[in-house]
Amino acid sequence: MSSDDATTAPRPVIGLTTYLERAQQGVWDVRASFLPQQYFDGVTSSGGAALLLPPQPSPRAAADVVLDRIDGLVLTGGLDVQPELYGAERHPLTDPARPDRDDWELALLRGARERGIPVLGICRGLQLINVAAGGTLHQHLPDVLGTDRYQLGDGVFARNEVAVSAGTMLSELVGTGALTVSSYHHQGIDRLGDDLVVSARSGEGLPQAIESPGSDFLVAVQWHPEEDAADRRLFLGLVAAATEYAAGR
């Protein structure tokens, strides 16, 4: 009998937002749902079942249907959030607007928060959560910090140190104090959104993680935990919260 027999508790279903991008395979050249495998490996290796969530037409209506069927949500990394959403003029180095993904993720986030579904934000996911709460972003950190150490380019993840604050949900998952993380971002939080707290910062004081101060699981990090297969603590925390949510449906 397999490990997934009737005596094994059902795996919570974790939805992961994806790109909808051009993909080429053999004779095919089409738009497709796309997400690096590291993300759903993080979920499945931590006891969850991964479900990919590409942008959809009528995002609010689609989000209501999807959220009734998942137990946790990961807002994944990707292209920059539209600065128009937080009332800023577009920086020359800000990515082209992707309203399909922004609208979809905002609808999912809104519905997840209304239902109490656990949410983990990764990189762009943190930025979207901050913008959804009325916060703003620095559109190009080298202009502000004078360094590009958070985005080396060419698909190479930088290793940076952040300090995790005591007494936060994040500290319950990864501990308090110094933590070395994988970074690949050129934007970051400027004004913090309403009803959010900073749970980790870099040496310059830049927020590197945020969360909800309430009991619901809303944790977002500016780094890429999916890149560290040896440290699944954030994914384990999400899956545990999703398991509890599923049991209480």
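You'll find the structure just up there.
Model, not experiment: these values are computed from the prediction.

Novice: How should I be thinking about the sheet that holds strand S5 (residues 72–75) in this particular structure?
Specialist: Through backbone hydrogen bonds, the strands of a sheet pair up, either in parallel or in antiparallel fashion. In space, the 9 strands of this open sheet follow the order S4-S1-S5-S6-S13-S12-S11-S8-S9, with mixed pairing throughout. Looking at strand neighbours, the two that pair on one side only are strand S4 (49–53) and strand S9 (177–183), the edges of this open sheet. Strand after strand, the sheet turns through a mean of 25 degrees between neighbouring axes, direction not considered. Each of S5, strand S6 (119–122), strand S12 (207–211) and strand S13 (218–221) is contacted by helix H4 (residues 124–132), which is oriented at about 115 degrees to S6, the strand it contacts most.

Novice: I keep staring at the pairing of S12 and nothing clicks. Help me out?
Specialist: Consecutive side chains of a regular strand alternate in pointing toward one face of the sheet and then the other. When you tally the buried positions in S12, you get 5 out of 5 residues, the bulk of the element. In this sheet, S12 lies alongside strand S11 (residues 197–201) in antiparallel orientation, the contact comprising 4 bridges. The residue bridging Val198 from the neighbouring strand is Ile210, located in S12. In this antiparallel pair of consecutive strands, S11 and S12, the connection spans 5 residues, and Gly205 shows a positive phi of 90 degrees.

Novice: Would you explain the packing of helix H3 (residues 99–115) against H4 in this entry?
Specialist: Geometry of a packed helix pair, given as the angle between the helix axes and the separation of the axes. Following both chains from N to C, one finds H3 and H4 inclined at 70 degrees, their axes separated by 11 Å at the closest point. Considered as vectors, H3 and H4 are oriented roughly perpendicular to each other. Within the contact between the two elements, H3 uses Arg101, Asp102, Glu105, Leu106 and Leu109 and H4 uses Arg124, Leu128, Ile129 and Ala132. Residues that form the contact of H3 with H4 fall into these classes: 5 nonpolar, no polar and 4 charged.

Novice: Got a minute to help me understand helix H1 (residues 37–44) in this structure?
Specialist: Owing to its 3.6 residues per turn, the α-helix brings residues three or four apart onto one side. Taken together, the buried positions of H1 are occupied by Tyr39, Gly42 and Val43. Seen end-on, H1 carries its buried residues on one side only, within an arc spanning 95 degrees. Considering only its buried residues, H1 is in contact with strand S1 (13–17), S4, S6 and helix H7 (233–247).

Novice: For this particular structure, what's the right way to read the side chain of His186?
Specialist: Relative to the elements of secondary structure, His186 occurs in the loop between S9 and strand S10 (188–189). There is a polar contact of 2.9 Å between the side chain of His186 and the side chain of His140. Setting aside residues up to four positions removed in sequence, His186 forms contacts with Asp80, Leu93, Thr94, His138, Gln139, His140, Leu141, Pro142 and Gln151.

Novice: Could you clarify how one ought to interpret the pattern of salt bridges in this entry?
Specialist: Two side chains that carry opposite charge are able to pair once their charged atoms sit near each other. Within the structure shown, the criterion is met by 13 salt bridges. Here Arg101 ties to Glu105 by a salt bridge, and the two come within 2.9 Å at their closest N and O atoms. Taken together, the residues span about one helical turn, with Arg101 and Glu105 both in helix H3 at a distance of 4 residues. A salt bridge links Glu204 to Arg149, with the shortest nitrogen-to-oxygen separation between them at 2.7 Å. Taken together, the positions of Glu204 in the loop between S11 and S12 and Arg149 in the loop between helix H5 (141–145) and strand S8 (158–164) put the pair 55 residues apart, joining distant regions of the chain. For Glu204, a relative accessible area of 38% corresponds to the partly exposed category. Taking the relative accessible area as the measure of exposure, Arg149 reaches 28% and is therefore partly exposed.

Novice: Would you take a moment to explain the packing of aromatic side chains for this structure?
Specialist: Any pair of aromatic rings gets described here by the distance separating the centres and the angle formed by the planes. Considering all chains together, one arrives at 2 aromatic pairs under this definition. A centroid spacing of 5.4 Å and a plane angle of 40 degrees characterise the contact between Tyr19 and Phe34, whose relative ring orientation is tilted. Taken together, the residues span a long stretch of sequence, with Tyr19 in strand S2 (residues 19–25) and Phe34 in strand S3 (residues 28–34) at a distance of 15 residues. Taking the relative accessible area as the measure of exposure, Phe34 reaches 46% and is therefore partly exposed. Over the aromatic face of Tyr19 sits the side chain of Arg101, whose NZ or CZ is 5.0 Å from the ring centroid.

Cut-off values and rules
- Residues numbered from 1 in each chain as written.
- Predicted model: local features only at pLDDT ≥ 70, side-chain atom pairs only at ≥ 80, totals over all residues.
- Heavy atoms only, no water.
- Pairing = 2+ DSSP bridges.
- Helix = DSSP H or I, 4+ residues; strand = E, 2+ residues; numbered from the N terminus.
- Axes fitted to C-alpha atoms, helices over the stretch in contact; angles between N-to-C directions.
- Contact = heavy atoms within 4.5 Å.
- Buried < 20%, exposed > 50% of the residue type's maximum accessible area, 1.4 Å probe, protein only.
- Parallel < 35°, antiparallel > 145°, perpendicular 65-115°, else oblique.
- Nonpolar A, V, L, I, M, F, W, Y, C, P; charged D, E, K, R; others polar.
- Arc of directions from axis to C-beta.
- Polar contact = N/O pair within 3.5 Å; in protein donor to acceptor, adjacent residues only side chain to side chain.
- Salt bridge = Lys/Arg side-chain N within 4 Å of Asp/Glu carboxyl O.
- Phe/Tyr/Trp six-rings, centres within 6.5 Å; stacked < 30°, edge-to-face > 60°.
- Lys NZ or Arg CZ within 6 Å of the ring centre and 35° of its normal.

From the geometry alone we can't say anything about function, so treat these as descriptive.
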